[in-house]
2 protein chains.
Amino acid sequence: MAQLRIALAQVNPTVGDLGGNAGLVVEWSRRARDAGAHLVAFPEMALTGYPVEDLALRSSFVEASRDALERLARRLADEGLGDLPVVVGYLDRRTVALVRPGQPAGAPLDGAAWLHGGEVLVRSAKHHLPNYGVFDEYRIFVRGDTLPVVRVGGVDVATVVCEDLWQDGGPVSVTATAGAGLLLALNASPYERAKQDVRADLCGRRAREAGCALAYVNMVGGQDELVFDGDSVVVGADGALLARGPQFVEHLLVSDLELPAAGPASGPGREPVAAPDGTTITVERHVLSAEPVPAAPLRPQEFAPRLDDLGEVYGALVTGTRDYVRKNGFRSVILGLSGGIDSALVTTIACDAIGPENVHVVMLPSRYSSEHSVTDAEELVKRQGVHSRIIPIRGMVDAFEAEVGLHGVASENLQARIRANIWMGLSNEYGHLVLTGGNKSELATGYSTLYGDSAGGFAPIKDLVKTMVWDLARWRNEQVGSDLPFLHPFEGAPIPEAIIVKEPSAELRPDQRDSDSLPPYDVLDPLLADYVERDMGRERLVAAGHDPDLVDRVIRLTDLAEYKRRQYPPGPKVTPKNFGRDRRLPITNRWRENP
Amino acid sequence: MAQLRIALAQVNPTVGDLGGNAGLVVEWSRRARDAGAHLVAFPEMALTGYPVEDLALRSSFVEASRDALERLARRLADEGLGDLPVVVGYLDRRTVALVRPGQPAGAPLDGAAWLHGGEVLVRSAKHHLPNYGVFDEYRIFVRGDTLPVVRVGGVDVATVVCEDLWQDGGPVSVTATAGAGLLLALNASPYERAKQDVRADLCGRRAREAGCALAYVNMVGGQDELVFDGDSVVVGADGALLARGPQFVEHLLVSDLELPAAGPASGPGREPVAAPDGTTITVERHVLSAEPVPAAPLRPQEFAPRLDDLGEVYGALVTGTRDYVRKNGFRSVILGLSGGIDSALVTTIACDAIGPENVHVVMLPSRYSSEHSVTDAEELVKRQGVHSRIIPIRGMVDAFEAEVGLHGVASENLQARIRANIWMGLSNEYGHLVLTGGNKSELATGYSTLYGDSAGGFAPIKDLVKTMVWDLARWRNEQVGSDLPFLHPFEGAPIPEAIIVKEPSAELRPDQRDSDSLPPYDVLDPLLADYVERDMGRERLVAAGHDPDLVDRVIRLTDLAEYKRRQYPPGPKVTPKNFGRDRRLPITNRWRENP
């Protein structure tokens, strides 16, 4: 057996920021060296950020990534880190590329490289390209077909990228044949509610398949609608979990492993292997250091405590919001505070993400606003210490109505749009990013105003059904005194109880209630989950116990709301299937489940 | 040789309207029978409409399509059309489907079926799945692996679907081996400017490869951002063009062909063939009628006259607009008429699409509107006979400014948003669809107001650069007296010359000109085409002769406008690569071509 101290750097890169991301690699490589690691690994596409989408089709960007990789290798050596093997994801291209229909222009690769001694030692690329859910990788990448095996401290270390773990028959299946002692997987795997155990189980299964220990390093941080949760893990060859990093924070997971020493037979060279998926994978062997490192006492393994279900959802929302604001160059946010639960929760998330001193709320009462709306909102402002301003909209509504006669829903929408004009105007004037308060239940059913309450730059709770909004508000109020890294240290419960318990209302006409237009949320929300997230049709929904009339009504509302959803701002994704890129429907669609 | 009269029905189905689309198939099959055809072919996915996107992942929709196909076969027989072979595209699924990561749920197929004698005679499916540009088919389909060869009137007729023509090595390459006498290709191929000749050339090349005549039937009509242009063609075994249908109208292209009679050797059965793309394609032979049809005089071939470049672009815009309005259940449209060229052209397109009696314009002058803006707009209203209304916005602007102090761009945006509130309010009150007047030059550079002039349901000219807007306005004025089917018979030039020649201005502040913020359009537009449509990076743009400073400025503007573009309404796509689904960039993107 040989001993190896590995470091998994779960870092938070920004798409396109090649210089900043290279800086991250240098900084965290130094920490790994300082921790005595023999090897440090970074996430998939850490150098470019992930996902790069159609940027991969622009050859100038691909060349810039390749150049940045070479420069990074030299810089690591220049800064005294040349002896530490650094494994990092980046964007590459196939050198010989066929030009034909359906082949992504320039043949881009989702690459992984070993950097050492100022040079790029070996390059490989993701073999299995995910093309479902939020992934569209057949569009932008071609397939890699090598498995690098690099001898470090006498241990043969193989590397694969993300989806290669999730699908059968590719490089992982070749790892056992190649006799690797450690399989290193670079990932940019987005958070999904309750996905964690699936991931650890998968790592265990693949370790047994590869016949060696497996180290899984994941990205962390928000990028548009995706939130990467970190949660890097190390498992033994028997599949048992050895170490685990925390969720939603940058971290260096350092783990001492006892691994099988490589046999003398397998020196440097290239060896093609027929993989079970019908492709040929070439094993590329390199030797960095053939001798085992001197034995030393093993550090105890790190096990970061797991967040509970609501904690991890909340962590994803704060992370997604913080990084959207920061990575897009904003320092402050503005939103309309109505006195209802949605804007109350969004204000709280914003305070947790960027601090109350950067959060601006506007209260925009109309003739239909209830007394408690303003007082409850003021109480929240007091508890959270955000900037606030009251602007009555009555005069503006009157000015419109003097010129244009609107009735019913048209008149209700006008009020919502006048409010949006105000927060967009203040955003343009002061440079705040507008946060949008809509939740998934209203987004699904179209219970919102296009260019009104749905207007804004980022929608922190767009993937939460309404019942979850209440659950999270209660959960957040219970965290007073918690040391979770993504919570602002409010001294008391940040959300007034009156806001949590009041009946929901849009307050756009006298005595309006959500229940005038929608079924009760505890009935609606499970139905939406089955219809939207599980793609169940009418028959299956009824068989699952949903009321047939309600099913018809909700399907109709949801199908009709497709256009509005297209124009909704991005927001952090927490369910396996929400309304974003991973559910694309035609806008013009005459299909009715129950004609 | 044997003689065969084939009919290609280029029809306009609606996504999801299974009943209506089946009705189209029956109606046009009857016309084919009345024309003496021995065979009628419909486009790819004619029964479901195309593209169905994620509807393919809903099993209830797949089952409904399969049921609709069986019912269509019976209905054709019930209505006395059972003897006519009908080839039609529909949505199917693989019967035995593996469940694994990356496999579309339910294993949907982009199917083609032969209907005859009240039954579904043979089913096949598209082999090559396009996954670039506007296509995402790896996400929703699995691959078909058969080539049906059906003997009709003694001729062996093979069928393939759309992309199978565009890529090498699949079913078309097996067609020659199978000894087919005619290759029938069902298509839903979207219009792209100047794509037509590529298509006819391709058909010629594939006919020579298959060693037989090729009949290409295409869909027609608008579906969200896609416009299908018809333009069905028939080519001989030597690749020569024999017949061609018109663009942008439903049509039955009837063509008499002399084709090689099938040899007696090849009876019914299944025969696997190794295809050059590494897959196995099974040739499925069926016999409907082994005897040649009696010889008769051949009809002269039809050659629909070709539209010129501007004519076909204009036809695509009218078709896309008409079908978006109609297929989404609207009967009328509303838009703001500013006196500028963009809204003038959109009004004209709307009149051509649905008639002036269904077009409503609002003129919304502010304190910065010039005298000529209103008089020019009124002149256009007079020439086109649309409904119009003048609503000054000054009082509304004053009411906002009394409560919220806005300056500079924030104040300009406020005016644009107040205008949007008015047309959205009138839309909600009267049920008109809002048309948006923005063009591609301003959309690319972000020269528009989010939730202001960019608000609306459909954007007819979103894929036209500004210079093209002027070109089309002049072209349209020259068509007085034309009999093009997609033009309204105005008695004079519909667009006042003053609107075409005036300098463009947003009129949101005193003496504002587009040239204050943007380069001249005749310089900007070619640069946008190279950057956006051709994905050229900075270095290549400069090498192509664009001014380096301008390149930097336009790249910066264009990259920053990504968020606004995401929220832009759909509009007909006329370029190979526009800002829609076929160009996806991260919103958060720190990449700078020139750091």
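Definitions and limits used
- Residues numbered from 1 in each chain as written.
- Chains lettered and ligands numbered in written order.
- Predicted model: local features only at pLDDT ≥ 70, side-chain atom pairs only at ≥ 80, totals over all residues.
- Heavy atoms only, no water.
- UniProt positions renumbered as here; feature names shortened; annotations may be inferred.
- Helix = DSSP H or I, 4+ residues; strand = E, 2+ residues; numbered from the N terminus.
- Buried < 20%, exposed > 50% of the residue type's maximum accessible area, 1.4 Å probe, protein only.
- Axes fitted to C-alpha atoms, helices over the stretch in contact; angles between N-to-C directions.
- Parallel < 35°, antiparallel > 145°, perpendicular 65-115°, else oblique.
- Left-handed = near helix turned anticlockwise from the far one by under 90°.
- Contact = heavy atoms within 4.5 Å.
- Arc of directions from axis to C-beta.
- Pairing = 2+ DSSP bridges.
- Salt bridge = Lys/Arg side-chain N within 4 Å of Asp/Glu carboxyl O.
- Polar contact = N/O pair within 3.5 Å; in protein donor to acceptor, adjacent residues only side chain to side chain.
- Phe/Tyr/Trp six-rings, centres within 6.5 Å; stacked < 30°, edge-to-face > 60°.
- Lys NZ or Arg CZ within 6 Å of the ring centre and 35° of its normal.

If you look chain A up in an unreviewed UniProt entry, it shows as Glutamine-dependent NAD(+) synthetase from Actinomadura logoneensis. Quoted verbatim from the Function (unreviewed entry) heading of the UniProt record, the comment on chain A is "Catalyzes the ATP-dependent amidation of deamido-NAD to form NAD. Uses L-glutamine as a nitrogen source." Its UniProt record, at the heading Pathway (unreviewed entry), says of chain A: "Cofactor biosynthesis; NAD(+) biosynthesis; NAD(+) from deamido-NAD(+) (L-Gln route): step 1/1."

(A) Structural view of the UniProt feature "binding site: ATP" (unreviewed entry) in chain A. All names here are of chain A. Mapped onto the present numbering, the UniProt feature "binding site: ATP" (unreviewed entry) falls on Gly336, Leu337, Ser338, Gly339, Gly340, Ile341, Asp342 and Ser343. For Gly340, the position within the fold is in the loop between β17 (333-336) and α8 (341-354). Residue position: Ile341 is located in helix α8. Residue Ile341 is classed as buried on the basis of its relative accessible area of 5%.

(B) Fine view of the packing of helix α1 (residues 18-34) of chain A against helix α2 (residues 59-78) of chain A. All names here are of chain A. Between α1 and α2, the shortest axis-to-axis distance is 10 Å and the interhelical angle comes to 30 degrees. On the basis of the axis angle, α1 is roughly parallel to α2. In the packing of α1 onto α2, the handedness of the crossing is right-handed. Mapping the contact onto sequence places Leu18, Ala22, Gly23, Val25, Val26 and Ser29 in α1 and Phe61, Ala64, Ser65, Ala68, Leu72, Arg75 and Leu76 in α2.

(C) Seen up close, unusual backbone geometry. All names here are of chain A. For the bond running from Tyr50 to Pro51, omega is -5 degrees, close enough to zero to count as cis. Here Pro51 lies in the loop between β2 (39-41) and α2. Even without glycine at this site, Met45 takes up a positive phi of about 50 degrees. Within the secondary structure layout, Met45 lies in the loop between β2 and α2. A relative accessible area of 0% places Met45 in the buried class.

(D) Inspection of helix α10 (residues 394-403) of chain A at higher detail. Buried residues of α10 of chain A: Met396, Val397, Ala399 and Phe400 of chain A, and no others. One side of α10 of chain A holds all its buried residues, which, seen down the axis, span an arc of 160 degrees. Turning to α10 of chain A, the residues buried within the fold contact α11 (408-430) of chain A together with α10 (394-403) and α11 (408-430) of chain B.

(E) Structural context of the pairing of strand β5 (residues 119-125) of chain A. Residue and element names in this part refer to chain A. The pairing of strand β4 (residues 108-116) with β5 spans 6 bridges and is classified as antiparallel. What sits directly across from Ala112, in β5, is Ser124. Hairpin connection, β4 to β5: the antiparallel pair is bridged by 2 residues, and Gly117 has positive phi, about 60 degrees.

(F) Seen up close, the sheet that holds strand β19 (residues 387-390) of chain B. Residues and elements named next belong to chain B. Overall, parallel pairing links the 4 strands, which are arranged β19-β18-β17-β20 in an open sheet. Two strands bound the open sheet, and with one partner strand each, they are β19 and β20 (433-434). Note: strand β17 (residues 333-336) against β20, 2 bridges, orientation parallel. Note on β20: the bridge partner recorded for Ile334 is Val434. Contacts between α11 and the sheet are confined to β17, β18 (359-363), β19 and β20, with β17 contributing the most and set at about 165 degrees to the helix.

(G) Structural detail: the interface of chain B and chain A. In this assembly, 87 residues from chain B lie in contact with 87 residues from chain A. Applying the counting criterion to the chain B and chain A interface returns 5 salt bridges. Among the salt bridges present, the one from Asp17 of chain B reaches Arg590 of chain A, with a minimum N-O distance of 3.9 Å. Summed over the shared surface of chain B and chain A, the result is 27 residue pairs in polar contact (both at pLDDT 80 or more). For the side of chain B that touches chain A, the elements supplying multiple residues, two or more each, are α2 (59-78), α3 (137-140), α4 (163-166), α7 (309-327), α10, α11 and α19 (562-566) of chain B. Counting residues per element, the side of chain B that touches chain A draws most heavily on α11 of chain B, which supplies 12 residues.

(H) Region of interest: the sheet that holds strand β3 (residues 86-93) of chain A. Residue and element names in this part refer to chain A. With mixed pairing, the 6 strands of this open sheet are ordered in space as β5-β4-β3-β2-β1-β14. Because the sheet does not close on itself, it has two edges, and the strands there are β5 and β14 (251-259). Across the sheet, the mean angle separating the axes of adjacent strands is 30 degrees when strand polarity is ignored. Taken together, the 2 bridges between β2 and β3 define a ladder with parallel strand orientation.

(I) Local environment of the environment of Leu121 of chain A. All names here are of chain A. Summarising the element assignment, Leu121 is placed in strand β5. Distance from Leu121 to Ala64, taken between C-alpha atoms, is 19 Å for residues 57 residues apart in sequence. Dropping the residues within four chain positions of it, Leu121 is found in contact with Trp114, Val150, His286 and Leu288.

(J) Quick peek at the packing of aromatic side chains. Using the criterion set out here, one finds 17 aromatic pairs over all chains in the structure. Ring geometry for Tyr138 of chain A versus Tyr138 of chain B: centroids 4.4 Å apart, planes at 20 degrees, classification stacked. Of this pair, Tyr138 of chain A sits in helix α3 (residues 137-140) while Tyr138 of chain B sits in helix α3, which puts the two residues in different chains. Judged by relative accessible area, Tyr138 of chain A falls into the partly exposed class, the value being 35%. Among the aromatic side chains, those forming a connected cluster through ring pairs are Tyr191, Phe248 and Phe486 of chain A. Just above the ring of Trp28 of chain B sits the side chain of Arg31 of chain B; from NZ or CZ to the centre is 4.0 Å.

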